[in-house]
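# Structural features, examined
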Amino acid sequence: MSRLPRLRSSSPDRAHTADAGPSLPTRMPQTSLKRKAIIEEDDEEALDQPRKLPAFGPVRPSRPLQPSRTATNLNSSRGAPMPKPLTKPRAPILTRSTRGTSAPPTSSKPPSKPTTVTRTTTGRTASGSGSVRPAAGMRPTDDKRFNELQTQLTSIETARAADAARLAADMEAERNKVAELQANHRALSNELANAKSQELNQRRELVHASDEIENLKKKHGREVMDLEMDIKKRDRELREVNEDLRICRSDLERERETVSSLKNTISHQSTAHLTLTTQNHALEAQSMALQSQIDAYARTVSEMTLTLETTQKQIEDLKKEAMENEFVRRKLHNMVQELKGNIRVFCRVRPVLPSDLVTYSNTLSSSGTSSNGSEGGSVDFEKAKEELQANMIYPDKLDHKEIVLASSSSSATGQERKEVYNFGFDRVFEPESTQAEVFEEISQLAQSCTDGYNVCIFAYGQTGSGKSFTMEGGSSESSQGMIPRAVEQVFRVAGEMKTRGWEYTLEGQFLEIYNETINDLLGKGEFDKKKHEIKHDPKTGSTRVTDVEVVQLTSPSQVRNLLALAQSRRSVAATMMNERSSRSHSVFTLRISGVNVGLDGCPGTGERCEGSLNLVDLAGSERLNVSFANGADKERVRETQNINRSLSALGDVIAALGEKGDKGGDKHIPYRNSKLTYLLQNSLSGNSKTLMVLNLSPLAAHMQESLTSLRFATKVNNTTIGTAKKQTRTS
């Protein structure tokens, strides 16, 4: 509420009072008027000061109340019109001498008593007569205005008292609200504490539930593994049931055929019976007798059929058992050979070739006689074949492990002397044996390289005995040699092992040892341009040759192309024993490395294996006086000398290994005497599964060479080199 101004008379009023004349009192008590003005100012200042209320609730910064706003709200709530703001009239400033100067006073009345203003609860009242009378000399308009101001001050005091009462009621309501808020605060604090405790309990329950879920997951994993094992078991049982079903279906088909044949027989007999019945009623009794005989025959046939089926089933079971026993026997035999540590030796005799018959025919033609003793006659090739063949016998028809050579010669006295030579090996292949039969015996050995073993298979024999045909084979699929078949076997096994989580990487190289020089048959440069060195790793048992072309292999057809390329670059020449004789040793190396990476959703073990397959085609072993009787071709003579020297070094290594196996100790093995033996050091020292295929010529003219090769092969077969080790490691 605005402060009321002091009452102050204007200058014209004062002048008019001064000019009023002597009838009016010209002097008022100045002290009373000043005191009244001071009291009014003090009251206004006291009203302007806000009232202090007692603090309650939380301590807050105090701020002055605004009574004007409360009063305004009160008035507006009651619907009363808002009073206009009042201006407080100021009291006239009186001096001690107020006598006018215009005229002397006309009356001698004494001045009125000064009015004393006192403060009451309802407003300001005058002492004495109870009313405030205007001072002498004031105009009627000033008196009226004064009264209005007094009335307004009274209404203001009344409104202020009402505002104070309302403010007290509002403060009480606020205190109640604060108390209610404090109660709500305490309730919320209790609820918060309860919520925190519930949250802790829920967290404990969540941890417990997580542990239970983890245990359930582990239990579920175990149950899944058990179910997978059950599924595999059910699959095996299903395969067995399918096999039984197939056998039952075949038996049922045979039964149906038998029944059909019996029905046909009965139908024919019934037709004949009806025909006879219609033709001659007198033969009815005989027909009935015949019918009974037919029924008896049918029963007999049915019984014999059942007996036959039972016998056939027994025969099939016996054959299956025999095949399984043969497989077990071969497996145990291979295990015995591995434990024994000997080099396995196979012997293969090639058949008589048409070229041998042509040579024989040319010989007869040059002599002017034919095979039947008549001049100019045709050659009887069957008889010539018998005459050309040496007396070779294969007595072991069950295991095919023996070969016997018989020869007859005349002594100095003219008596005929017969000699019999008996040799035994791991397997003897007769001339009628096919390439597939030969590879069947070495397929498991070739497959061992995928298991992490080093495998070495080399062909040995004289020139023209069929070494290259055994190792490389012909152009047709049936005549493929050991090298392409072994590569196909390795690729097939690697493909099958992918279903078990294994991944394999294959690479190959093809080398030639010609005149004690290593040539790269797959290289892009010319021969003798690079110097190749042999490096052995004693830790892994692997052999590497520097500066050679190593080809990544992706398919068996790629290997066949590489073999054709190598064959075209290999050193061959014509000798007296063979028109296309290999004048060098060839070594095809297939390296395979595998890692167990696992299948989808199943991690692998990380196991690694590294194996190698060395397929060696040795040059022909023969005597100089047989290959080159006249010695005219010095280059061929030097080739033969180097070949015989390397084969002799191979024999020395075999002999040293045999002595070391018999006597023990640290006997020196002369691997470095030739490039061939040094290259095959790991294959001959016990770190590899080694197989030698001895190739023999069936011709009687080559009898001495065949005996020499058989003796050498027997020596190799009796040599102990140790047990092969599997090359595996875990990443």
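Rules used throughout
- Residues numbered from 1 in each chain as written.
- Predicted model: local features only at pLDDT ≥ 70, side-chain atom pairs only at ≥ 80, totals over all residues.
- Heavy atoms only, no water.
- Helix = DSSP H or I, 4+ residues; strand = E, 2+ residues; numbered from the N terminus.
- Buried < 20%, exposed > 50% of the residue type's maximum accessible area, 1.4 Å probe, protein only.
- Contact = heavy atoms within 4.5 Å.
- Areas by Shrake-Rupley, 256 points an atom, 1.4 Å probe, with all protein chains shown as cover.
- Phe/Tyr/Trp six-rings, centres within 6.5 Å; stacked < 30°, edge-to-face > 60°.
- Expected span 1.5 Å × (residues − 1).
- Axes fitted to C-alpha atoms, helices over the stretch in contact; angles between N-to-C directions.
- Parallel < 35°, antiparallel > 145°, perpendicular 65-115°, else oblique.
- Left-handed = near helix turned anticlockwise from the far one by under 90°.
- Nonpolar A, V, L, I, M, F, W, Y, C, P; charged D, E, K, R; others polar.
- UniProt positions renumbered as here; feature names shortened; annotations may be inferred.
- Pairing = 2+ DSSP bridges.
- Core = buried A, V, L, I, M, F, W, Y, C linked by side-chain atoms within 4.5 Å.
- Patch = residues over 30% accessible without salt bridge, like charges linked within 9 Å, V, L, I, M, F, W, Y side chains within 5 Å.
- Salt bridge = Lys/Arg side-chain N within 4 Å of Asp/Glu carboxyl O.
- Lys, Arg positive; Asp, Glu negative; His and termini not counted.
- Charge placed at Lys NZ, Arg CZ, Asp CG, Glu CD.

Moving on: the overall build of the protein. Tallying secondary structure elements over the protein gives 16 helices and 21 strands in all. Put simply, the protein has 731 residues, and 34% of those count as buried. For the protein, restricting intrachain contacts to residue pairs at least 6 apart in sequence, the fraction spanning at least 24 positions comes to 73%. Looking at the protein as shown, the accessible area adds up to about 45,200 Å², and 53% of this sits on carbon and sulfur atoms.

Counting across every chain of the model gives four aromatic pairs. Ring geometry for tryptophan 502 and tyrosine 504: centres 6.0 Å apart, planes at 15°, overall stacked. Per residue, the accessibility class of tryptophan 502 equals that of tyrosine 504, and both read buried.

Under the 1.5 Å per step criterion, the end-to-end length of helix H10 (residues 482–498) is 24 Å for 17 residues, consistent within 8% with the ideal 24 Å. Counting buried residues in H10 gives twelve out of 17 residues, a clear majority hidden from the surface.

Moving on, we get to the packing of helix H8 (residues 435–447) against H10. Following both chains from N to C, one finds H8 and H10 inclined at 45°, their axes separated by 10 Å at the closest point. One finds that H8 runs oblique with respect to H10. The handedness of the crossing between H8 and H10 is right-handed. Of the residues in H10, those touching H8 at Gln435, Ala436, Val438, Phe439, Ile442, Ser443, Ala446 and Gln447 are Met482, Arg485, Ala486, Gln489, Val490 and Val493. When its residues are assigned to classes, the contact of H8 with H10 shows nine nonpolar, four polar and one charged.

Attention now moves to the UniProt feature "binding site: ATP" (unreviewed entry) in the protein. Under the feature "binding site: ATP" (unreviewed entry), the UniProt entry names Gly461, Gln462, Thr463, Gly464, Ser465, Gly466, Lys467 and Ser468. Among the secondary structure elements, glycine 461 is positioned in strand S8 (residues 454–461). Once residues within four sequence positions are removed from consideration, glycine 461 is found in contact with Lys467, Ala619, Gly620, Ser621, Leu694 and Asn695.

Moving on to the pairing of strand S12 (residues 542–545). Taking every second residue as pointing to the same face, the buried face of S12 carries Thr543 and Val545, while none of Ser542 and Arg544 on the other face is buried. Pairing geometry for strand S11 (residues 534–537) and S12, over four bridges, is antiparallel. Within S12, the position partnered with aspartate 537 by the bridge is serine 542.

This brings us to the nonpolar core. Ranked by size, the top nonpolar core spans 50 residues in total, and within it Ile403, Phe425, Leu684 and Leu710 carry the most contacts. Here this core gets seven residues from one element, more than from any other, and that element is helix H13 (residues 634–663). Apart from the residues within four sequence positions on either side, isoleucine 403 is in contact with Cys347, Val349, Met392, Ile393, Tyr394, Tyr421, Asn422, Phe423, Phe425, Val428, Leu696 and Leu710. Residues Tyr453, Met497, Tyr504 and Leu691 belong to the second largest nonpolar core, which totals 42 residues.

Bringing a negative patch on the surface into the picture now. Where like charges cluster on the molecular surface, the negative patch consists of Glu316, Asp317, Glu321 and Glu324. As for its position among the elements, glutamate 324 is in helix H5 (residues 284–340).

A cluster of basic residues, Lys232, Lys233, Arg234, Arg236 and Arg239, forms a positive patch on the protein surface. Note on placement: lysine 232 falls in helix H4 (residues 140–279).

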